[in-house]
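Observations on chain architecture
Spelled out, the chains give:
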Amino acid sequence: MLHESVFRTTDLPVDARFEAWVERMGSTHAPMRLTSDRAADYRGHQRVIGLGDVTVWPATFDQLVFHRTPKLVRQSDPESYHLSLLLKGEGAADWGRQQAAYRTHDFHINSSSQSWEVHTGSDPVTVVGVEVPRALVAVPGHRADQVLGSLMSGREGIGALLAQFLRQLVADTSAYQPSDAPRLGTVVADLVTALFAHTMDAGPLVPQETRGRTLTLEAKTFIRRHLGDPDLTPEGVAAAHHISRSYLYRLFQAEGLTVASYIRDQRLEHARRDLADPRLRALPIHVVAARRGFPRAAEFTRAFRTAYGVPPSEVRAQSLVEGQGA
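Given the structure is predicted, the values throughout are model-derived calculations rather than measurements.

Criteria and thresholds
- Residues numbered from 1 in each chain as written.
- Predicted model: local features only at pLDDT ≥ 70, side-chain atom pairs only at ≥ 80, totals over all residues.
- Heavy atoms only, no water.
- Salt bridge = Lys/Arg side-chain N within 4 Å of Asp/Glu carboxyl O.
- Helix = DSSP H or I, 4+ residues; strand = E, 2+ residues; numbered from the N terminus.
- Buried < 20%, exposed > 50% of the residue type's maximum accessible area, 1.4 Å probe, protein only.

What follows covers the pattern of salt bridges. Side chains that differ in charge, positive against negative, can pair when their charged atoms come close. Under the defined criterion, the tally for this structure stands at 14 salt bridges. The partner of Arg-155 in a salt bridge is Asp-106, and the shortest N-O contact between them spans 3.1 Å. Of this pair, Arg-155 sits in the loop between β12 (152-153) and α4 (157-171) while Asp-106 sits in strand β9 (residues 106-111), placing them 49 residues apart in sequence. Judged by relative accessible area, which is 40%, Arg-155 ranks as partly exposed. One salt bridge in this structure joins Arg-272 and Glu-269, with 2.6 Å as the shortest N-O distance. Note that Arg-272 and Glu-269 are positioned in helix α9 (residues 259-276) at a spacing of three residues, about one turn of the helix. Residue classification places Arg-272 among the partly exposed positions, given a relative accessible area of 27%. A single salt-bridge network, built from bridges that share partners, covers Arg-17, Asp-41 and Arg-43.

As for its placement among the helices and strands, Asp-277 is situated in the loop between α9 and α10 (285-291). With a relative accessible area of 15%, Asp-277 lands in the buried category.

These figures come from the coordinates and say nothing about function on their own.
Now the structure itself:
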């Protein structure tokens, strides 16, 4: 499980809650002046997940105004970029020369090296915050700062890829080992770099290694979304991403994988989850197999037994026993 710390204002006396939240926000990103209509009894909940030099922090909190003043910038600058993926509520930001309003699944982006003011709506907001050192965003600083104030959607393109990664990460950190943290931080930094570069149309400035890792992640996401297509092939994956099959092979080889084995393993793992899901107990095994890209039941059974050491029927039976016990 990844290391994370949890903070809830409701664990504190009412009169200490807002001051503690101000301190928490200042240590998470950078010192700020915070005000709120709910300061008398402030409600906020935050988890901080360390990924090496990158920090991810899902949070839900009451109405708030963040103000990073020029004086605070001069006094303390951790030289980082901050991104917030808005999952619930609304917000707006003001950099003096530029303003932006945000809907759910938009990214808000700012820099600790600049002054700004951010307002959330009257209702509580839920966000996934990300802190990335400027040095890890592999785009020249004077160009990267141009994205501040840009509207970046988490619903499509690279923004959707980053949003999906963040939501999956914060949903359950028990699937990862502490040693995974720096590698996960690298993935986040690469996706942030790709998002910045895409927004300012500076793709050629992104290092080849970063582009390769981002493209690999995009290919894996495409594969998982199309597992039910029995005609899913490495050739189709390469064509969907406008790259050659040989280049796709090299991307996966860099991670010790082959494209075909990744497709097969993902199909088997998703089928295993379906068979273990008590909500799908009425679905025949051959239908589960077909939904995950195995149109021939005998082929599925052989592959499943080879991968897991037991036939699919045994996994289904065990899930039924566990369901009855529950």
